[in-house]
Amino acid sequence: MGTCFSYGNKLVQKEITKLNSVKNITLIGSGTMGIGIGIDILNKTAFNVVFIDVSDKSLKRAQDDIKAYFSGMVSGGRILTGHLDNYLKRVKYTKDFKVLKDADIIWEVATERLDIKKNIFGNIEKYADQDKLIFVFSNTSSHTTGELAVLFNDRFLQDKFLTGHGYFPFHSNRLFDVMKGKYASEESFIAGVAFAEQILEKKVIALRNDHHGYIADPVFQAMGAIVSWDIKTGQDIVELPQVFGLLTANPFQVLDRTGHMPYTESANHLGKALPENDRLRSLYNQGTKHYPVWIEDLEKSGRIGIYNEAKEGFFKWDGPVNREKPIKVYDPKTKKYVDIKETDFNDFWSISEANALDRREATIKSIKGLIQIALSDDKGGKTFRRYVIPIMLYALDLIQDNYGTVADINVSTKVGLRFKYGLCEIIDGFLNYFGIDGFIALVRKAAIENPDRIELFDTDGKAGPRKGIPNLVYTMKKKGWTNLLGYGRIYATPVSQRNFKTDSMDIYYNDLRYIFPTKKDRVASIIFDNPLRGNVWNKYTIDQLDHAIGISVKMYEKGQLGAILFTASGTGMRMLGADARQFNKGWFDAKRGYQFLGEEDASYFTKAGIKLFRFLQESPIWTIGAFGEKWGGGAEFTYFLNQRFDLILKGVEFDTIKRKAVYGYKNNYNQPEIEYAILGGFGAVQELVRLGFGESVIDELFLQGFTAKRAYELGLSNGISESEYKLLEKAFEVARLKQKFAVPYSVALYNLQKKKALLEGCNDDQLIKDTGETFNPDKNPYINKGLLRLLNMGGKNPPLDLSVKGKLPGWENNYESLYK
């Protein structure tokens with residue numbers, strides 16, 4: 001959003017205020033990751049960005065890449081030529097560390113080498129203005145915060161120091177890690193997490209305890225390492241990692257895109273620094289080597305991926321920038337690039353069968369297919385058991401050792417490493433199919449097949465690094481648990497995670513954020529939180545929203561919640577409609593075109609959404625929306641809320657009369673369905689009629705859309721602002737004030753009266769009856785204390801108990817049976 005908001009949390013307000021005053025951020029290091037971070041910050045904020053690097057060549061590359069990126073935005077019609085300089089003049093490139101004195105935030109993104117980091121940190125100590133500095137990030141793939149914090153001599157800087165780590169490509173990968181460690185203050189940790197979550201718009205893994213490489217990096221590192229020692233030929237690089245391709249991608253192709261140095265430097269460090277009880281430690285300690293000689297040969301020859309001049313790494317690449325494809329593969333025997341051969345599926349028939357299964361069932365990279373491979377005795381099954389099972393066990397170790405939660409691991413793999421299904425979802429699928437005893441038997445089979453790696457497969461705590469520590473599955477068996485995650489009741493996608501400390505199921509949302517109400521404010525905030533996808537509606541969003549509303553209703557009945565603020569993360573607070581892929585059978589293939597689901601399946605998405613939205617609309621919970629650009633279902637959802645607050649949007653659009661891109665006000669409300677041969681499936685027409693709009697106004701919305709100002713003029717919007725912060729502040733304050741004395745009986749009656757008036761018109765007899773019942777304490781248990789606020793105005797009155805008591809007019813909490 002480019003700004004931060006506390007959502008009623010007074011504990012974080014001080015740090016939020018600091019972050020909203022940031023003007024300057026300094027990036028130390030102008031390599032691939034530094035450039036990506038710089039572009040992202042320039043896009044999402046008004047910050048000034050300074051690059052420091054000791055290499056003129058690196059600084060020149062950063063300058064050229066950033067200019068090329070924003071020039072591309074001009075040619076793509078996203079910004080005007082006159083706006084280009086507004087971006088470029090906010091960036092400076094220098095070798096002089098003295099500029100650190102102006103930095104509000106310092107972000108080191110230079111290297112994994114401790115000696116170089118120590119020199120950089122010395123310059124931070126020498127030049128940074130410690131009164132001005134909010135926190136220091138260091139980007140690292142393998143070091144802990146504790147290992148790096150001690151490179152500072154100054155305790156104050158240790159207090160401000162966090163490791164903050166993004167993933168390639170930075171601007172289009174949502175995952176971001178923030179690790180606190182033992183030195184950083186709580187204030188610095190809060191600021192770092194809020195910065196990553198709200199300003200960078202990332203899905204944040206906030207780790208309090210130090211762990212080498214956070215969660216995602218050690219998993220990805222292991223995907224490469226566990227295969228690398230077995231590779232003898234170029235075709236091995238293609239075929240052996242196929243099992244990881246069924247989860248996400250061939251790790252060696254990914255490394256060619258990110259560069260080999262972080263991998264090799266991390267392998268060196270992990271081999272020395274991983275704790276004795278780390279299951280994967282042996283992958284980085286084979287004799288005297290931390291990674292194989294053939295990878296060392298590649299690195300020494302400068303073949304480190306697509307960013308070297310020859311575009312050579314594990315593969316040889318060719319094609320336009322950012323769309324390169326592998327055309328040959330490196331052969332460790334000959335140290336030359338050889339042709340990539342077709343995989344012999346006589347050897348890997350289970351992988352071929354899994355792909356065929358997915359095609360038949362209109363799925364992709366399904367867990368069912370992975371199970372089929374794991375059961376097979378061909379080369380596909382054996383490589384799965386040799387390579388994937390140890391990583392599944394490692395994920396369970398991380399939970400058991402309190403390094404990360406179930407959600408941390410699932411998010412890291414699904415969002416950061418782009419698994420089709422998160423690693424904990426995959427583990428659940430195996431546990432549900434095999435049972436715990438059957439899963440252990442599968443692991444033991446793998447151990448027998450791989451005597452050279454016996455330590456990777458221990459579940460009993462009898463051998464290797466995990467000796468004396470039986471695997472987490474035994475805890476699950478003892479407690480009768482068969483899953484790590486809880487799944488939604490509509491589409492069975494993840495919505496909760498098992499807490500092994502409390503034995504409870506906690507919230508886990510990939511596409512939403514839920515902020516609980518405080519005791520005083522009683523306002524929950526639900527934030528649609530997948531801005532890279534435009535906060536679209538899909539089966540994941542529906543399941544998560546349903547779960548969040550269920551939690552909210554329970555709190556409402558107890559008097560702990562009175563209102564919900566809905567908003568969206570991302571620049572412009574954007575909210576799109578339904579993901580079109582929800583209505584296509586299977587994974588969309590442009591060559592095959594649209595594949596019809598069938599009427600019942602196609603209509604189910606509308607049925608699921610409308611039931612939930614109508615339940616929310618008719619509940620006595622006050623609902624407020626604060627959004628920017630809304631399209632289709634994103635706009636329709638807001639029509640079900642009590643009030644709507646809109647961000648005034650400006651941007652570049654193509655003027656069809658002038659035949660050129662122009663800068664001006666953009667629409668907040670857009671209903672483009674007619675242009676795509678579809679309909680407003682979340683009830684746009686009927687809801688706009690319910691809100692009191694006539695045919696001409698509805699036609700205007702569908703044909704032209706509404707700006708924030710036009711929506712405000714018409715009464716569709718209840719408040720507008722050019723500032724995201726002020727919009728949220730106003731919307732939250734309305735919610736806070738409205739919930740304060742929102743008596744359940746009266747709100748429910750108010751909703752019932754609106755509904756009846758719309759359907760039946762005026763009914764004076766009913767109004768007379770409602771009045772009598774409202775003042776009757778036997779029917780309205782709130783009247784005794786509620787009316788005192790009028791009768792004894794200015795006097796000391798007892799507090800209202802706003803929990804649900806008795807039967808409310810026209811509303812019964814049928815949430816549990818909503819989809820039965």
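Our structure's up above, just so we're on the same page.
On a predicted model such as this, the values are computed, not experimentally measured, just so you know. (Residues numbered from 1 in each chain as written. Predicted model: local features only at pLDDT ≥ 70, side-chain atom pairs only at ≥ 80, totals over all residues. Heavy atoms only, no water.)

On a plain count of helices and strands, the chain comes out with 30 helices and 24 strands. For 820 residues, the compact-globule estimate of 2.2 N^0.38 gives 28 Å, and the chain sits close to it at 29 Å. Looking at the 820 residues of the chain, the share that counts as buried comes to 55%. In the chain, the proportion of contacts linking residues at least 24 apart, taken out of those at least 6 apart, comes to 70%. Put simply, the chain shows about 35,600 Å² of open surface, and 53% of that area lies on carbon and sulfur atoms. (Helix = DSSP H or I, 4+ residues; strand = E, 2+ residues; numbered from the N terminus. Rg over C-alpha atoms; globule rule 2.2 N^0.38 Å. Buried < 20%, exposed > 50% of the residue type's maximum accessible area, 1.4 Å probe, protein only. Contact = heavy atoms within 4.5 Å. Areas by Shrake-Rupley, 256 points an atom, 1.4 Å probe, with all protein chains shown as cover.)

By the definition in use, this model includes 52 salt bridges. Where Arg-385 meets Glu-449, a salt bridge forms, and the shortest distance between an N and an O atom there is 2.8 Å. Separated by 64 residues along the polypeptide, Arg-385 in helix H17 (residues 379–400) and Glu-449 in helix H19 (residues 423–449) bring together distant segments of the chain. In this structure, the salt-bridge partner of Asp-646 is Lys-630, at a minimum N-O distance of 2.5 Å. (Salt bridge = Lys/Arg side-chain N within 4 Å of Asp/Glu carboxyl O.)

According to the stated counting rule, one finds three cavities of 30 Å³ or more in the structure shown. Quantified by volume, the largest cavity comes out at close to 70 Å³. Around the largest cavity sit His-211, Pro-275, Asn-277, Asp-278, Arg-279, Tyr-394, Asp-397, Leu-398, Asp-401, Tyr-403 and Arg-466, which together line it. In terms of residue class, the lining of the largest cavity is built from four nonpolar, two polar and five charged. (1 Å grid on protein atoms, 1.4 Å probe; cavity = no way out; pocket = protein on both sides within 12 Å on 5 of 7 lines; lining within 4 Å. Points joined across faces, edges and corners; volume = space filled by probe spheres on them. Nonpolar A, V, L, I, M, F, W, Y, C, P; charged D, E, K, R; others polar.)

Attention shifts here to the packing of aromatic side chains. Scanning the entire structure with this criterion turns up 47 aromatic pairs. Where Trp-622 meets Tyr-750, the ring centres are 5.9 Å apart and the plane angle is 50°; that geometry is what we call tilted. Here Tyr-750 lies in helix H28 (residues 744–760) and Trp-622 lies in strand S18 (residues 622–627), a separation of 128 residues in the sequence. A residue is classified by how much of its surface remains accessible, and Tyr-750, at 37% relative accessible area, is partly exposed. (Phe/Tyr/Trp six-rings, centres within 6.5 Å; stacked < 30°, edge-to-face > 60°.)

This part takes up the pairing of strand S8 (residues 203–207). S8 sits mainly inside the fold: four of its five residues count as buried. In the sheet, strand S7 (residues 175–179) pairs with S8 via five bridges, with the strands oriented parallel. Bridging from a neighbouring strand, Val-178 pairs with Ala-206 of S8. (Pairing = 2+ DSSP bridges.)

Further remarks concern helix H12 (residues 251–258). The set of residues buried in H12 consists of Pro-251, Phe-252, Leu-255 and Asp-256. The arc that holds every buried residue of H12, seen down its axis, measures 145°, which confines them to one face. At its buried positions, H12 is contacted by helix H9 (216–228), helix H10 (234–239), helix H11 (242–245), helix H13 (261–273), helix H14 (293–300) and strand S9 (315–318). Positive phi appears at Gly-259, one or two residues downstream of H12, with a value of about 100°. (Arc of directions from axis to C-beta.)

Moving on, we get to the nonpolar core. If you look at the biggest cluster of nonpolar residues, it comprises 93 residues, and the most contacted ones within it are Phe-244 and Phe-430. The greatest single-element share of this core, amounting to 14 residues, is contributed by H19. With sequence-adjacent residues up to four places away left out, Phe-244 is seen in contact with Met-223, Ile-226, Val-227, Ala-249, Pro-251, Tyr-387, Val-388 and Ile-391. (Core = buried A, V, L, I, M, F, W, Y, C linked by side-chain atoms within 4.5 Å.)

Looking now at the packing of helix H2 (residues 32–44) against helix H3 (residues 56–75). Axis separation between H2 and H3 bottoms out at 10 Å; the angle between their running directions is 40°. In terms of orientation, H2 lies oblique with respect to H3. Considering how the two elements wind past one another, H2 and H3 form a crossing that is right-handed. Facing H2, whose interface residues are Thr-32, Ile-35, Ile-39, Leu-42 and Asn-43, H3 presents Arg-61, Ala-62, Asp-65, Ile-66, Tyr-69, Phe-70 and Met-73. Considered class by class, the residues forming the contact of H2 with H3 number eight nonpolar, two polar and two charged. (Axes fitted to C-alpha atoms, helices over the stretch in contact; angles between N-to-C directions. Parallel < 35°, antiparallel > 145°, perpendicular 65-115°, else oblique. Left-handed = near helix turned anticlockwise from the far one by under 90°.)

A few words on the sheet that holds strand S12 (residues 485–487). The strand order across the open sheet built from three strands is S12-S13-S14, with neighbouring strands paired in antiparallel fashion. Looking along the sheet, the strands with just one partner apiece sit at the ends: S12 and strand S14 (504–507). The average angle at which neighbouring strand axes cross in this sheet is 40°, direction not considered. As paired elements, strand S13 (residues 494–499) and S14 share four bridges and run antiparallel to each other. Bridge assignment links Ser-496 to a residue of S14, and that residue is Ile-507. Across the sheet, H19 touches S12 and S13, and the angle it forms with S12 is around 80°.

Note on placement: Glu-636 falls in helix H23 (residues 633–639). Arg-614 is the oppositely charged side chain nearest to the buried, salt-bridge-free Glu-636, at an N-O distance of 9.9 Å. Of the polar contacts made by the side chain of Glu-636, one reaches the backbone nitrogen of Gly-683; its length is 3.1 Å. In this structure, Glu-636 is in contact with Gln-671, Glu-673, Gly-680, Gly-681, Phe-682, Gly-683 and Ala-684, ignoring residues within four places of it in sequence. (Lys, Arg positive; Asp, Glu negative; His and termini not counted. Polar contact = N/O pair within 3.5 Å; in protein donor to acceptor, adjacent residues only side chain to side chain.)

If you check helix H22 (residues 599–618), its first and last C-alpha atoms are 28 Å apart, about what 20 residues at 1.5 Å a residue would give, namely 28 Å. Phe-605 marks the point of greatest bend in H22, at about 25°. Regarding H22, the residues found buried are Phe-605, Ala-608, Gly-609, Ile-610, Leu-612, Phe-613, Phe-615, Leu-616 and Gln-617. Elements in contact with the buried residues of H22: helix H21 (539–557), strand S17 (563–568), S18, H23, helix H24 (684–690) and H28. (Expected span 1.5 Å × (residues − 1). Bend = angle between axes of the 7 residues up to and from the residue.)

The subject of this paragraph is the pairing of strand S22 (residues 660–665). Sheet topology places strand S21 (residues 650–655) next to S22; six bridges connect them, and they run antiparallel. If you follow Gly-651 over to S22, its bridge partner there is Gly-664.

Right, let's talk about the packing of H9 against H17 for a bit. Packing of H9 against H17 leaves a shortest axis separation of 10 Å and a crossing angle of 150°. By the angle between their directions, the pair H9 and H17 is classed as roughly antiparallel. When the axes of H9 and H17 are compared, the crossing they make is right-handed. The residues of H17 that touch H9, namely those facing Pro-218, Val-219, Ala-222, Met-223, Ile-226 and Val-227, are Arg-386, Tyr-387, Pro-390, Ile-391 and Tyr-394. Looking at the contact of H9 with H17 residue by residue, the class counts come to 10 nonpolar, no polar and one charged.

Okay, the sheet that holds S18 next. Taking strand neighbours across the sheet as the criterion, the six strands line up as S15-S16-S17-S18-S20-S24 in an open arrangement whose pairing is mixed. With partners counted over all chains shown, the strands left at the sheet margins are strand S15 (512–515) and strand S24 (719–721), one partner each. For this sheet, the mean angle separating the axes of adjacent strands, direction not counted, is 15°. Sheet strands touched by helix H27 (residues 724–740): strand S16 (523–528), S17, S18, strand S20 (643–647) and S24. Its angle to S18, the strand with the most contacts, is close to 175°.

Residue Pro-169 is bonded to the preceding Phe-168 through a cis peptide linkage, with omega at -15°. Looking at the element boundaries, Pro-169 is found in the loop between strand S6 (161–166) and S7. Positive phi is not limited to glycine here, since Asn-322 has a value of about 70°. With phi around 60°, Lys-335 is a residue other than glycine that occupies positive phi space. Along the chain, Lys-335 turns up in the loop between strand S10 (325–331) and strand S11 (336–339).

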